[in-house]
Amino acid sequence: SQTIHQWPATLVQPVGSPLSLECTVEGTSNPNLYWYRQAAGRGLQLLFYSVGIGQISSEVPQNLSASRPQDRQFILSSKKLLLSDSGFYLCAWSVPGGLDTQYFGPGTRLTVL
Amino acid sequence: KNQVEQSPQSLIILEGKNCTLQCNYTVSPFSNLRWYKQDTGRGPVSLTIMTFSENTKSNGRYTATLDADTKQSSLHITASQLSDSASYICVVSSGGSYIPTFGRGTSLIVHP
C-alpha cells in the first residue's frame with residue numbers, strides 16, 4: 001500500500017533563517033506531487049506541483065522554492081523565512097491519469113518568529 | 001475563474017443529529033468532485049469522489065450528492081458522532097488540469 005511521509009511534524013524558525021521540508025511517498029511510481037499551505041482558518045493554497053523528476057510548477061510568487069531530486073521525494077525550501085510563511089504545510093500525491101484523488105501527508109506546522 | 005464555495009462556514013450540532021453541508025462550484029469543464037475530512041492538525045482524508053455521471057455516493061454515515069446541472073453538491077452526515085468534528089472540504093477537478101480547486105471548508109463541531 002502507498003504511504004506518504006512528511007517531516008518534521010513541527011518547526012519553529014526565526015525570521016531570515018532557511019527552511020527545508022521533506023516529503024516522500026512509498027508504494028507508487030511516478031506520482032504527481034503537490035505542496036500546499038494552509039493558514040489558520042483558511043483554505044488550502046497550492047504552492048507547487050510536480051509531474052516528474054526535475055519538473056516543478058509554481059502557482060504563486062513567493063520566497064519559497066521546491067525541488068524533486070528523486071521520483072518519490074519532494075522538498076520545499078526557502079533561503080530566508082518571512083513571518084508570513086507561518087502555516088500548516090501539506091504534501092500530497094496523486095496517481096497520474098487517474099481520477100486524481102489526492103492523498104495527503106500528516107503536515108508540518110511551521111511557526112516563524 | 002474556477003471557484004468552489006462552501007456553506008455554512010461553520011456548524012455546531014448535537015451528537016446523534018444529522019447535518020448537511022453544501023458546495024457550489026463554477027469549475028469547467030467538470031471532471032470530478034471530492035469531499036475530504038480534515039481533523040485539526042492533520043492532513044485531509046478523502047471521503048467520497050463522484051464523476052459527472054454519478055449523483056450519489058456513500059461512505060458509511062457520509063452520503064454525498066451531486067447535481068451537475070446546477071453545479072451543486074452536498075455532504076449529508078447521519079447520526080453524528082463526536083469524532084465527526086472536523087473541517088469538511090469540497091474539491092472539484094477540471095478535465096485536463098493537474099490542479100484541483102479547493103473550497104475553504106465547513107468547520108463542524110459535534111457537542112455531546
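A brief report on the enclosed structure follows. On a predicted model such as this, the values are computed, not experimentally measured, just so you know.

Reading guide: rules and limits
- Residues numbered from 1 in each chain as written.
- Chains lettered and ligands numbered in written order.
- Predicted model: local features only at pLDDT ≥ 70, side-chain atom pairs only at ≥ 80, totals over all residues.
- Heavy atoms only, no water.
- Pairing = 2+ DSSP bridges.
- Helix = DSSP H or I, 4+ residues; strand = E, 2+ residues; numbered from the N terminus.
- Axes fitted to C-alpha atoms, helices over the stretch in contact; angles between N-to-C directions.
- Contact = heavy atoms within 4.5 Å.
- Disulfide = S-S within 2.5 Å.
- Buried < 20%, exposed > 50% of the residue type's maximum accessible area, 1.4 Å probe, protein only.

Moving on: the sheet that holds strand β8 (residues 73-78) of chain A. All names here are of chain A. Strand order across the open sheet formed by four strands is β1-β3-β8-β7, with antiparallel pairing between neighbours. Edge strands, defined here as strands with exactly one partner in the open sheet, are β1 (3-7) and β7 (64-70). Here the strands of the sheet are splayed against their neighbours by 15° on average, with no regard to which way each runs. Two strands pair when backbone bridges link them, and β1 and strand β3 (residues 19-26) are joined in this way by five bridges, in the antiparallel orientation.

With that settled, the discussion passes to the side chain of T101 of chain B. By the element assignment, T101 of chain B lies in strand β10 (residues 101-102). Apart from residues no more than four positions distant in its own chain, T101 of chain B is found in contact with N2, Q3, V4, V27, C90, V91 and V92 of chain B.

We now examine the state of the cysteines. Summed over the entire model, instances satisfying the criterion amount to two disulfides over all chains. Between the sulfur atoms of C23 of chain A and its disulfide partner C91 of chain A the distance amounts to 2.0 Å. Measuring handedness by torsion sign, the sulfur bridge of C23 of chain A and C91 of chain A sits at about -75° and is left-handed. Taken as a pair, C23 of chain A in strand β3 and C91 of chain A in strand β9 (residues 87-94) lie far apart in primary sequence, 68 residues in all. C91 of chain A matches C23 of chain A in its accessibility class, with the two residues each being buried. Among the cysteines around C19 of chain B, which has no disulfide bond, C90 of chain B carries the closest sulfur, lying 15 Å off. When its relative accessible area of 5% is taken as the criterion, C19 of chain B is described as buried.

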